[in-house]
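Listed here are the chains, written in short residue letters.
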Amino acid sequence: MSTALQLHHLNARDNRSKRRAMQTLSTGIAALDALLPAGGWPKYGLVEVNVQGSYTDPMDVLLPALQGLSREGRWLAMVTPPHYARARINTNPCVDTSSVLQINPHKGRSGLWTLESLMRAGHCRVVMAWPRCRTELMEMRLARAATLGRSLGILFRQGEPQACTSGCDVRLSVERKATGKAVFLLGSDGGKVAGIDLP
């Protein structure tokens, strides 16, 4: 049995109260919905995706949901996206690319201010970003902005997850495997709480 599957079984728990407390939308992947505490992505809120390894592409975890969200009449925004993310979204036939917005902030402008403004304004259904730094205050501000703007913020981070207080509703780690990917739900200490294998 794989490590991800072992963790999933060992850490299975009753999440019915969380499902009632948080509005969610399906990830489009049944196994991932079952892994997440509230049964899907938060409808409005903040998600952290830690990407392990230089050749790991996390977009497969997000694209099923992004396909539907791109057709809700609001922007799907990417802030300074890497090439792989830009290519995966703009070449996916099920994504409405007329709603895709790429933003490259001026070097002298605060990246946090840009993200916070996009999430809070209400014009973007999804805001994806690849920040190089993190603070608890930054994530709390972004989480509040996402809630007020009724948007879903997704923060991609490269490298090992940090043990820290987080303002994110969901923290995940995505790892590349010979047979596909492993997706792990993370705790506040950055440790793996539960996991699944995806093809």
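In this convention, every chain numbers its residues from 1, walking through the sequence in written order. Local features in this predicted model are restricted to residues of pLDDT 70 or higher, and side-chain atom pairs are both shown and tallied only at a pLDDT of 80 or more, whereas totals for entire chains, interfaces and linings draw on every residue. Side-chain descriptors were evaluated using all non-hydrogen atoms of the structure, hydrogens and water having been removed beforehand.

1. Looking at the side chain of Arg-171
(1) Moving on: Turning to its location among the elements, Arg-171 is positioned in strand 8 (residues 170-177).
(2) Moving on: As used in this structure description, the phrase polar contact means that two N or O atoms lie within 3.5 Å; if the pair is within protein, one of them must be able to donate a hydrogen and the other to accept it, and residues adjacent in sequence are counted only when both atoms belong to side chains. In terms of polar contacts, Arg-171 uses its side chain to reach the side chain of Glu-48, at 3.2 Å.
(3) Moving on: Not counting chain neighbours up to four residues away, the residues in contact with Arg-171 comprise Glu-48, Arg-134, Pro-161, Gln-162, Cys-164, Ser-166, Phe-184, Leu-185, Leu-186, Gly-187, Ser-188 and Gly-190. Only runs of H or I of at least four residues qualify as helices and only runs of E of at least two qualify as strands under DSSP, and these elements are numbered from the N terminus. Any two residues having at least one pair of non-hydrogen atoms within 4.5 Å are treated as being in contact.

2. Observations regarding the nonpolar core
(1) Moving on: Of all hydrophobic cores here, the largest spans 36 residues; its most connected members are Leu-32, Trp-41, Leu-66, Ile-89, Met-128, Phe-156 and Val-183.
(2) Moving on: The element best represented in this core is helix 4 (residues 59-69), accounting for seven residues.
(3) Moving on: The contacts of Phe-156, once residues within four sequence positions are left out, are Val-49, Val-51, Pro-58, Met-59, Leu-62, Met-128, Ala-129, Trp-130 and Pro-131.
(4) Moving on: Membership of the second largest hydrophobic core comes to 17 residues, among which are Leu-115, Leu-118, Val-127 and Ala-146. What makes a nonpolar core is a set of buried Ala, Val, Leu, Ile, Met, Phe, Trp, Tyr and Cys residues whose side-chain atoms join them at distances within 4.5 Å. Exposure categories follow from relative accessible area, calculated using a 1.4 Å probe and restricted to protein chains: below 20% of the type maximum is buried, above 50% is exposed, and the middle band is partly exposed.

3. Thoughts on the pattern of salt bridges
(1) Moving on: Salt-bridge detection follows one rule: a side-chain nitrogen of Lys or Arg within 4 Å of a carboxyl oxygen of Asp or Glu. All chains considered together, the criterion is met by eleven salt bridges.
(2) Moving on: With a shortest N-O distance of 2.9 Å, Arg-125 and Glu-72 are connected by a salt bridge. Remark: Glu-72 occurs in the loop between helix 4 and strand 4 (75-79) and Arg-125 occurs in strand 6 (residues 124-129); sequence separation between them is 53 residues.
(3) Moving on: A residue is classified by how much of its surface remains accessible, and Arg-125, at 2% relative accessible area, is buried.
(4) Moving on: Residue Arg-120 pairs with Glu-116 through a salt bridge whose shortest N-O separation is 3.5 Å. Here Arg-120 pairs with Glu-116, and both are found in helix 6 (residues 111-121), just four residues apart, close to one helical turn.
(5) Moving on: For Arg-120, a relative accessible area of 37% gives the class partly exposed.
(6) Moving on: Each of Glu-48, Glu-139, Arg-157 and Arg-171 takes part in a single network of salt bridges with overlapping partners.

4. Examining the confidence of the model for the protein chain
(1) Moving on: Per-residue pLDDT for the protein chain has a mean of 87; in total, 88% of the residues score no lower than 70.
(2) Moving on: The pLDDT value tells you how sure the predictor is about a given residue, anywhere from 0 up to 100. Counted against residues more than four places away or in other chains, residues 7-20, with its pLDDT under 50, gives 25 contacts.

5. Some points on the packing of aromatic side chains
(1) Moving on: The pairing test for Phe, Tyr and Trp rings, Trp by its six-membered ring, is centres within 6.5 Å, and the orientation test on the planes gives stacked under 30 degrees, edge-to-face over 60, and tilted for anything in between. For the structure shown, the criterion picks out one aromatic pair.
(2) Moving on: Consider the rings of Trp-130 and Phe-156, whose centres lie 4.7 Å apart with planes at 10°: the pair is stacked. Separated by 26 residues along the polypeptide, Trp-130 in the loop between strand 6 and helix 7 (136-148) and Phe-156 in strand 7 (residues 152-158) bring together distant segments of the chain. Of the two residues, Trp-130 and Phe-156, neither departs from the other in class, the shared state being buried.

6. Some words on the pairing of strand 7
A regular strand carries its side chains on alternate faces of the sheet.
(1) Moving on: Within strand 7, six of the seven residues are buried, which leaves the element mostly enclosed by the surrounding structure.
(2) Moving on: Summarising the sheet, strand 3 (residues 45-52) and strand 7 pair through seven bridges and their orientation is parallel. Note that in strand 7 the partner of Val-51 across the bridge is Gln-158.
(3) Moving on: When DSSP finds at least two bridges between two strands, those strands are taken to pair. The pairing of strand 6 with strand 7 spans four bridges and is classified as parallel.

7. Some details on unusual backbone geometry
(1) Moving on: Even without glycine at this site, Thr-80 takes up a positive phi of about 45°.
(2) Moving on: Checked against the element boundaries, Thr-80 lands in the loop between strand 4 and helix 5 (83-90).
(3) Moving on: On the basis of relative accessibility, which here comes to 45%, the residue Thr-80 falls in the partly exposed class.
(4) Moving on: For Arg-150, which is not a glycine, the phi torsion comes out positive at approximately 55°.
(5) Moving on: With respect to the element layout, Arg-150 can be found in the loop between helix 7 and strand 7.
(6) Moving on: On the basis of relative accessible area, Arg-150 is assigned to the partly exposed category, the value being 47%.

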